[in-house]
Amino acid sequence: MSKKINHVGIAVPSIAEFLPFYTDVLGLEFEGEEIIEDQKVKVAFLSSGESRIELLEPTSPESSIAKFIEKKGAGMHHLAFTVDDIEAELADLKAKGVRLIDEEPRVGAHHTKIAFLHPKMSRVLVEITEEKK
Ligand code: ZN
């Protein structure tokens, strides 16, 4: 099954500071912002054809994004692929012995269902995303 890249998440200390690069320099279209309370993160969405760039700004020092920036610096945080059926995909990944951060889907931006795989296998954090139908 082919999987489109849904979005690339980039951790930044400040959306206001880094947004102009994506809009003014690269010419991407800014689609809006959303605060994801349970992840303590503010997300800015930029359209890139069928994919998006998401700028992730921590809203609290407790945010995993804040910890990521502290440890690794700002930069690419995760790569998200679109899946049709996230429950089936998670069951398939479990059957393949893949270590998961999220055993069950959680709610992401735009009311999507998302789950993160452990970065051990890929060295980059991978998310699977089921778009709201
Ligand atoms: Zn994401």
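Provided above is the structure to which this section pertains.
Residues numbered from 1 in each chain as written. Predicted model: local features only at pLDDT ≥ 70, side-chain atom pairs only at ≥ 80, totals over all residues. Heavy atoms only, no water.

As a further point, take the overall build of the protein chain. For the protein chain, the helix and strand inventory stands at 3 helices and 8 strands. Listing every helix and strand of the protein chain by position from the N terminus yields β-α-β-β-β-α-β-α-β-β-β. Computed over the C-alpha atoms, the radius of gyration of the protein chain is 15 Å, within 12% of the 14 Å expected from 2.2 N^0.38 for a compact globule of 133 residues. When the backbone C-alpha atoms are referred to their principal axes, the protein chain occupies close to 45 × 30 × 25 Å. Residue burial in the protein chain is summarised as follows: out of 133 residues, 44% are buried. Sequence separation of 24 or more characterises 50% of the internal contacts of the protein chain that already satisfy a separation of 6 or more. (Helix = DSSP H or I, 4+ residues; strand = E, 2+ residues; numbered from the N terminus. Rg over C-alpha atoms; globule rule 2.2 N^0.38 Å. Buried < 20%, exposed > 50% of the residue type's maximum accessible area, 1.4 Å probe, protein only. Contact = heavy atoms within 4.5 Å.)

Our next topic: a nonpolar patch on the surface. A cluster of nonpolar side chains, F21, V25 and L26, forms an exposed patch at the surface whose accessible area comes to about 290 Å². Tracing the backbone shows L26 in the loop between α1 (15-25) and β2 (29-36). Residue classification places L26 among the partly exposed residues on the basis of a relative accessible area of 48%. (Patch = residues over 30% accessible without salt bridge, like charges linked within 9 Å, V, L, I, M, F, W, Y side chains within 5 Å. Areas by Shrake-Rupley, 256 points an atom, 1.4 Å probe, with all protein chains shown as cover. Salt bridge = Lys/Arg side-chain N within 4 Å of Asp/Glu carboxyl O.)

Turning our eyes to something else, we now look at the packing of aromatic side chains. Per the stated rule, a full pass over the model turns up 1 aromatic pair. Both rings, one in F21 and one in Y22, keep their centres 5.1 Å apart while their planes meet at 90 degrees; by these two values the pair is edge-to-face. (Phe/Tyr/Trp six-rings, centres within 6.5 Å; stacked < 30°, edge-to-face > 60°.)

Let us look at the coordination of the zinc ion. For the zinc ion, the full set of protein donor atoms is H7 (NE2), H78 (NE2) and E127 (OE), and the range of their distances to it is 2.0 to 2.1 Å. Donor residues for the zinc ion, ordered by position in the chain, follow H-x70-H-x48-E. In this pair, H78 sits in strand β5 (residues 75-82) while E127 sits in strand β8 (residues 125-130), placing the two residues 49 residues apart along the sequence. Neither residue differs from the other here; H78 and E127 are each classed as buried. (Donors = N, O, S within 2.8 Å, 3.2 Å for Na, K, Ca; no water.)

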